[in-house]
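An overview of the molecular structure
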There are 2 protein chains.
Amino acid sequence: MSTHAAIAAHANRAVPGYLVSALAMTPNAGLGAGVGAAIQPRNPADPLASLGHAKVFERETTVFTEGDAAGSVFRVMSGMVRLYKMLPDGRRQIIGFLQAGDMMGLAFAAQYLYTAETVTATTIQRIPRLELDALMDAQPAFARKLLSATTSELMAAQDQMVLLGRKTAAEKVATFLLRLSDRKGGGKGDDRTIDLPMGRSDIADHLGLTTETVSRTLTKLKSSRLIRILVGGKLDLLDRDALADLAGGF
Amino acid sequence: MSTHAAIAAHANRAVPGYLVSALAMTPNAGLGAGVGAAIQPRNPADPLASLGHAKVFERETTVFTEGDAAGSVFRVMSGMVRLYKMLPDGRRQIIGFLQAGDMMGLAFAAQYLYTAETVTATTIQRIPRLELDALMDAQPAFARKLLSATTSELMAAQDQMVLLGRKTAAEKVATFLLRLSDRKGGGKGDDRTIDLPMGRSDIADHLGLTTETVSRTLTKLKSSRLIRILVGGKLDLLDRDALADLAGGF
DNA sequence: CGTACATTTGAGCAGGGTCAATTCTGGTGG
DNA sequence: CCACCAGAATTGACCCTGCTCAAATGTACG
């Protein structure tokens, strides 16, 4: 028993530390598949509002890297962030995409367990762990919220396992599009139009596919008149019912 | 927007309820990939010890089904349980395998989000949600433990996403064997021998493979002298280092 | 000891990957 | 305002890993 990169990483879980993963505190969590937890940034009852301070990151910038000492948690205020893990040889699995309200870096470990990078220009609130701890001590209700948000993330992660382990390429892509669409639900404008700020290879690494397969699958959906691909990373869902059928659950 | 089995299930996450998933409260959690949390059954400090009551389930028995009203949480005292989700057409994804100390059924939703079945004869403690709530209110430290356990599960779930999305069949099987081995770490006897009480199709549905591929892969590992397959669902790890290399991280 | 089911093994196939060329897109500078 | 350029996306051709279908062992329990 020696060269256990595998086992070593696994053992992290046993570390009685703090700050383990990402989590979101509102309903719109989920796209992240075990990642983002929205805690309404501007909610009057937002207990995090006064903690830490916000900073703007430009697009394609690293916020923190897997293995870094985990001293803070972060909350996305606007923009989009991707979280991923990499295998030693460079294969990448994107754990999730975070949007406004989602949190990351939350965990009970000394190091961050994945890398966080911005997809678009993003405003991020950085909250020192100590401040978060203090808030949890002071407001038991907040601790409950964190727990609730974390279990929501876990549910999303489980759905993602079904997707990765048992869905076909077409089902994966259809599911992904519907999730994205659900995410930004209530908003303004055409509710059939969704934003795809991330590149094809990001989508591929999130769905366990290659960029080529993602592209081909989108092309097929376009030919079938289920979607329309617009310029500028936007896309119309022309037939949600058909997409939902294709997605096959979740 | 109508036939959204997908979207409906997804929406569950928004339900402000309780009791969402499974979680474990000790280091040996992890095999579950987003599932079991061990809370030392016989630990003197076990705050759950006096709650609910235990029951013995025989092998291959359903404990609860996805969609059932979620009135209780459960803790495995001995034996093994599998948790899974199914797609409408019957494809199955096993979320994780639970062992002694692992909890399940914990969630912030009104229904169970997956099905739990025993693999072997299993003793399970059933704890009404109300009792768990009361405990959380009475012991803030316990609530913290739950949060810690849940984030551990989330970490495990993220590792499982990497496995499902980016690993080859051989890497998946090697990773699985090492995880199983780590799980029951400290125990007695030959630490190279591990128990595989679940069938090949359970392993397959956990790793996103077919039974045939799992079988073939194990045969190859056997031919390469990395493992030895014993009767009675046992198996020897003959070369952990080689397996760890094969597993490629985590 | 026999039967039912699980596992293994075999043969052939296909979904999605790889490698590579072409087209688009968006930003930049003239 | 437009031509140019670099990177992204798309498309094509071919291949391989892992799946399907099927048959042959193994194994456990009554």
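Scroll up to find the structure this text is about.
Values in this document were obtained by computation on a predicted structure and should not be read as measured data.

Right, let's get into the overall build of chain A. From N to C terminus, chain A includes seven helices and 13 strands. When burial is assessed residue by residue, chain A has 57% of its 250 residues classed as buried. A sequence separation of at least 24 residues applies to 73% of the contacts in chain A between residues at least 6 apart. Looking at chain A as shown, the accessible area adds up to about 9400 Å², and 54% of this sits on carbon and sulfur atoms.

So, about the protein's contact with DNA strand D. In the vicinity of DNA strand D there are 16 residues, among which Arg200(A), Ser215(A), Thr219(A), Ala169(B) and Thr213(B) approach most closely. Within 4 Å of the protein, the contacting atoms of DNA strand D are drawn from sugar and phosphate to the extent of 64%. Here Arg216(A) contributes a side-chain N or O atom positioned 2.9 Å from a base nitrogen of DNA strand D. Elements with a contribution of two residues or more to the surface near DNA strand D: α6 (211-223) of chain A together with α6 (211-223) of chain B. For the surface near DNA strand D, the element with the highest residue contribution is α6(A), accounting for four residues. Its residues assigned to classes, the surface near DNA strand D shows three nonpolar, eight polar and five charged.

It is worth spelling out the packing of aromatic side chains at this point. All names here are of chain A. Overall, the coordinates contain 10 aromatic pairs over all chains when judged by the stated rule. Residues Phe64 and Phe74 carry aromatic rings whose centres are separated by 5.3 Å and whose planes lie at 25° to one another, so their mutual orientation is stacked. Pair noted here: Phe64 is in strand β3 (residues 62-64) and Phe74 is in strand β4 (residues 72-78), with a separation of 10 residues, a long-range link. Look at Phe74 and you get buried, because its relative accessible area is 2%. Its guanidinium or amino end placed over the ring of Tyr84, Arg92 lies 5.4 Å from that ring's centre, counting from NZ or CZ.

What counts as what
- The numbers attached to residues start from 1 for each chain and follow its sequence in the written order.
- The lettering of chains begins at A and the numbering of ligands begins at 1, in the order of writing.
- Given that the model is predicted, a residue must reach a pLDDT of at least 70 before its local features are reported, and side-chain atom pairs must reach 80 or more before they are shown or counted; all residues, however, enter totals for whole chains, interfaces and linings.
- Excluding hydrogens and water, the side-chain values take into account all heavy atoms of the structure.
- Under the DSSP-based scheme used, a helix requires at least four consecutive residues in state H or I and a strand at least two consecutive residues in state E, with every element numbered from the N terminus.
- Residue burial is assigned from relative accessible area. The probe radius is 1.4 Å, only protein chains are included, and a residue is buried under 20% of its type maximum, exposed over 50%, and partly exposed in between.
- Contacts are assigned to residue pairs that have any heavy atoms within 4.5 Å of one another.
- What sets the accessible areas is the Shrake-Rupley method with a 1.4 Å probe; for residues, cover comes only from the shown protein chains.
- Working definition: residue near molecule or strand if any one of its non-hydrogen atoms lies within 4 Å of it.
- Nitrogen and oxygen atoms within 3.5 Å of one another constitute a polar contact, given that in protein one can donate a hydrogen and the other can accept it, and given that sequence-neighbouring residues count only through two side-chain atoms.
- When residues are grouped by polarity, Ala, Val, Leu, Ile, Met, Phe, Trp, Tyr, Cys and Pro land in nonpolar, Asp, Glu, Lys and Arg in charged, and all others, Gly among them, in polar.
- Two aromatic rings from Phe, Tyr or Trp, using only the six-membered ring of Trp, form a pair when their centres are within 6.5 Å; if the ring planes differ by under 30 degrees the pair is stacked, by over 60 it is edge-to-face, and anything between is tilted.
- For a Lys NZ or an Arg CZ to count as sitting over a ring, it must be within 6 Å of the ring centre and within 35 degrees of the ring normal.

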